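# Reading the structure
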2 protein chains.
Amino acid sequence: MSPNSRHTAGAELSRVFEHIDANKDQFVSRLLDYLRHPSISAHNIGMSEVAELLVTMLSRLGLEARTIPTSGYPMVLASWNRAPGAPTVLLYGHYDVQPPDPLEAWISPPFEPTIRDGRIYARGAGDNKGQHFAQILALESHFAVHGRLPCNVLLLLEGEEEIGSPNIAEFVRAHRDLLRADLVITADGPLHESNRPIITYGVRGIVSFELRARAANRDVHSGNFGGVVPNPIWTLVHLLATMKNADGEITIDGFRDDVVAPTERERAATARLPQIAEDVKRALNLATLDNPVDRPPADSLMFYPTLTINGFHGGYAGPGPKTIVPHEAFVKCDARLVERQNPDDILDKIEAHVKKHAPDVEFLRVESTPPSKTPLDAPFSQTVQSAVHAAHGVEPLIYSSLGATLPDYVFTKILGTPSFVVPYANADEANHAPNENIRIDCFLKGVRTGAAVLDALGKSVESSGPIHSDGENGSWLEP
Amino acid sequence: MSPNSRHTAGAELSRVFEHIDANKDQFVSRLLDYLRHPSISAHNIGMSEVAELLVTMLSRLGLEARTIPTSGYPMVLASWNRAPGAPTVLLYGHYDVQPPDPLEAWISPPFEPTIRDGRIYARGAGDNKGQHFAQILALESHFAVHGRLPCNVLLLLEGEEEIGSPNIAEFVRAHRDLLRADLVITADGPLHESNRPIITYGVRGIVSFELRARAANRDVHSGNFGGVVPNPIWTLVHLLATMKNADGEITIDGFRDDVVAPTERERAATARLPQIAEDVKRALNLATLDNPVDRPPADSLMFYPTLTINGFHGGYAGPGPKTIVPHEAFVKCDARLVERQNPDDILDKIEAHVKKHAPDVEFLRVESTPPSKTPLDAPFSQTVQSAVHAAHGVEPLIYSSLGATLPDYVFTKILGTPSFVVPYANADEANHAPNENIRIDCFLKGVRTGAAVLDALGKSVESSGPIHSDGENGSWLEP
């Protein structure tokens, strides 16, 4: 039986599924216990307590578990490597959660998990405690049924994902040997709105920056000084107009030089995705989408860089008129990057463009994360797809890339390891928002999915190989 | 003796000057009394009290004085017309003042006039009570010395100048017969910084408007929606870039169609003015002036329309990054207009331009005032110049136009009367600001100037004629 056709569970996996089904109530109850522990990285609340709690939990399972300090909050790393010859999977998640504000918007308190209508409501229920706890229960279920795992496992749980993962790259570089794996699986983010499973092969990168323009040392009267004293808002308008045109094309010198077109395989997979244009228009009450209007949104989100103005502020904002020439203004922007754009190089190019077109405008680098992409035909790609299919009974949707950010590049670019994002949460998980939740059926399907992936990897006839096997696409690797 | 060379006071005027000099202490004391009465149009404080106080004051002088209601605060109109054959001058001023906030910034309370270092500090000291009170004292001084005025006089004091003169145009249209005059003199604004007198022959007009762009019904994540959901800030940036280019040229379709180039006389007068480019750069700490950098600021302020962005606001304004596509943004603009731009026509053109380039952007008209210009060779021009020269002992600076706004067009465009702005206040009067003041010597020189103008008009050999005598420039008249 080829991996492609193995979409139903074999005997070993069926027994694990039965165990999961028989234990679902205590699994839910134990997730509630876990969610009662706040671990808010932004506010330094409960971080080491939850890290230690995880080490205890994972040690009891039979994994070798410990915390490893970083310049910020510790990493939790656990391993089990008693399956010689089988591949090693690195399971990534994060134990920190978003701050729960505004508290008054929560129907039940964020750290008093509550079940309503088949959902568990709590901060972290979806993002990410409910998801990595499902991964841990998948390990536990294999141990319970078979006394062992089907493949070697590394579990890496970060404590700083919600504050931008400031230390994970340094950590990964410093601990390459500990993190050697054949593939990475991240359980984070939502399933498709239809509840169909998704596998994502990459994330776009991001750079963000600020443009600040100043002219006079104070606001002046527009009648007495308009046309005489430079207006920083006009300066920024004219600068921005050189950076992206009204057709939606980014026109920063050199910005698109390194953009790699999607592969045929990626185009084909994307063409099979549900079309979202009408849904987006309906949900956001839009008459039209952004330029270029004839480009499918999925293509825009996966294959094209963006340049977004997040905020523009200068001058008078109150009611009625105020006849001033403002003396300062600023613009905040982010740009989403695709392979093989390098964030530092892109920031250099934007800075050079600003210096050329508006030399007096101050350019501030704010943050940057490289893009990441695993080729659709990377090693273990079919294995993961088949396992997800088996766990859900439905073929997964294949996303070449995500619009949003994850520190996925540390695996693909620093370690050179294929990386797959396999989310477990419902699409309306309300992550980062009040009343965050995970549907109990999604949580349990997550446990099944985790178990199925382990099972499939144990049986895999694939061997580890170079990440950029299709030779067409893929990421630059750190030397 | 031709009007051109009559720059010293004759016998009749010398006696009036002597009277002014002999009475300066009581003049100052009476101005302090007047300034104790608040008349804040924006807050409806003391308006009818001060209007009635003026009627009493002017009636005692021997003028026929009354208030005339408008839809807002009343006009005060006084007249004396017992100089048959002599011209009639309409003296315009305004009895309302700006609100005094912030109160804590005043060294002495705004309505408790205080003399310090040769200046009277009080709200309205410069703008405009001190100036029209000087005009009234000029009338009084002529009456005291000669028992009569040298020419016919209309005194019009508005109560709504500080709130944009919303009713003066309607008032002037309804009372054309009462307001028939050969010329208008407005004593408002400051002398040159050097204390040299100024005569201004016009003011630019203004239109102000707001552009509002909306896209989605809420802010959305820039990774999940950037490049898919329209960004109202980009929409406004691209629209604005079509309205004025980086060289400082306004590119709104048809905007400059009706702009009339300055006359040779206006160019020559402007070339004789002190150059202000270096002063502006020093005062505002600017490396360069606005584009086009080679245009003298005086030319920009008198002869060219402007398009100024007063404020641009949309999206995130807080610290650090926030990766959103904002869902709404707005821009506030004003445009200063020159002859013969018609504000309604200009607003129509801007609206058509917006509809063409960004049909979804909402265009809101906020306010409009037509430009006004009296030709440099209009009737009584030389008479007024000579009188000001005589009062100050210094030749006045001739400004073809002011950058800021005054409702001057009601005289030139509705009544077709030549209009001259002859300011009395010091350049640092701090009008509209805390610690507003008038220098006592400027106030008394204002009384002298007012007296000299009346004297010169009584002796004038000029006769009333069409306002647009030079045939090159001038304003459109209301039919």
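Keep in mind that what you see is a predicted model, and the values were worked out from it rather than measured. Each chain has its residues counted from 1, following the order in which its sequence is written. For naming, the first written chain is A and the first written ligand is 1, with later ones following in the order written. Restriction of local features to residues with pLDDT of at least 70 applies here, the model being predicted, together with a cutoff of 80 or more for giving and counting side-chain atom pairs; totals for whole chains, interfaces and linings are based on all residues. Only hydrogens and water are set aside; all other atoms, that is, all heavy atoms of the structure, feed into the side-chain values.

Residues and elements named next belong to chain A. All the domain ranges listed were derived from an automatic or database domain assignment. Domain assignment breaks chain A into domain 1 (3-203 + 372-459) and domain 2 (205-259 + 305-369). One C-alpha centre belongs to domain 1, the other to domain 2, and the line joining them spans 39 Å. Counting from both sides, the interface comprises nine residues of domain 1 and, opposite them, five residues of domain 2. Two parts placed together each lose some accessible area under a 1.4 Å probe, and the buried area is that loss summed for both. Summed over both sides, the interface between domain 1 and domain 2 buries roughly 480 Å², with carbon and sulfur atoms accounting for 54% of that surface. Taken as a group, Thr405, Tyr409 and Lys413 account for 54% of the area that domain 1 buries against domain 2, more than any other trio of residues on that side. By definition, a salt bridge exists where a carboxyl oxygen of Asp or Glu is found within 4 Å of a side-chain nitrogen of Lys or Arg. Inspection of the region where domain 1 meets domain 2 yields one salt bridge. For the salt bridge of glutamate 339 with lysine 413, the shortest nitrogen-to-oxygen distance reads 2.6 Å. Helix and strand assignments follow DSSP, with helices taken as H or I runs no shorter than four residues and strands as E runs no shorter than two, numbered in order from the N terminus. Counting only elements with at least two residues in the side of domain 1 that touches domain 2, the list comes to strand 16 (372-373) and helix 13 (409-414). Note on residue categories: nonpolar means Ala, Val, Leu, Ile, Met, Phe, Trp, Tyr, Cys or Pro, charged means Asp, Glu, Lys or Arg, and polar means any other residue, Gly included. Split by residue class, the side of domain 1 that touches domain 2 holds four nonpolar, three polar and two charged. Every residue pair with non-hydrogen atoms within 4.5 Å of one another is taken to be in contact.

As a further point, take the environment of glycine 314 of chain B. Secondary-structure assignment places glycine 314 of chain B in strand 12 (residues 308-315). Exposure categories follow from relative accessible area, calculated using a 1.4 Å probe and restricted to protein chains: below 20% of the type maximum is buried, above 50% is exposed, and the middle band is partly exposed. Note on glycine 314 of chain B: relative accessible area 5%, which makes it buried. Here the alpha-carbon distance between glycine 314 of chain B and isoleucine 233 of chain B, two residues 81 residues apart in the chain, equals 6.6 Å. Beyond its immediate stretch of four places on either side in the chain, glycine 314 of chain B contacts Asn310, Gly311, Phe312 and His313 of chain A together with Ile233, Glu328 and Ala329 of chain B.

Another point: helix 8 (residues 264-271) of chain A. Residue and element names in this part refer to chain A. All of the buried residues in helix 8 are Glu266, Ala269 and Thr270. Buried positions in helix 8, seen along its axis, are confined to an arc of 95° and lie on one side of it. Exposed side of helix 8, more than 90 degrees from the buried face: Glu264 and Ala271 are the residues found there. Lining the buried residues of helix 8 we find helix 10 (297-303), strand 16 and strand 17 (397-399). Here the arc refers to the directions that run from the helix axis out to each C-beta atom.

Once that is clear, we can look at the sheet that holds strand 5 (residues 119-121) of chain B. All names here are of chain B. Two strands are counted as paired when DSSP detects at least two bridges linking them. The strand order across the open sheet built from three strands is 4-5-19, with neighbouring strands paired in antiparallel fashion. The open sheet is flanked by strand 4 (114-116) and strand 19 (437-439), the only strands paired with a single partner. Each neighbouring strand pair of the sheet contributes to a mean axis angle of 25°, computed without reference to strand direction. In this structure, strand 4 lies alongside strand 5, joined through three bridges in antiparallel fashion. Bridged to arginine 116 within strand 5 is arginine 119. Running at roughly 15° to strand 5, helix 2 (residues 24-35) makes contact with strand 4, strand 5 and strand 19 of the sheet. Each of strand 4, strand 5 and strand 19 touches helix 14 (residues 440-459); the most contacted strand, strand 19, lies at about 70° to it. Angles here are taken between N-to-C directions and fall from 0 to 180 degrees, while the axes themselves are lines fitted to C-alpha atoms, restricted in helices to the stretch in contact.

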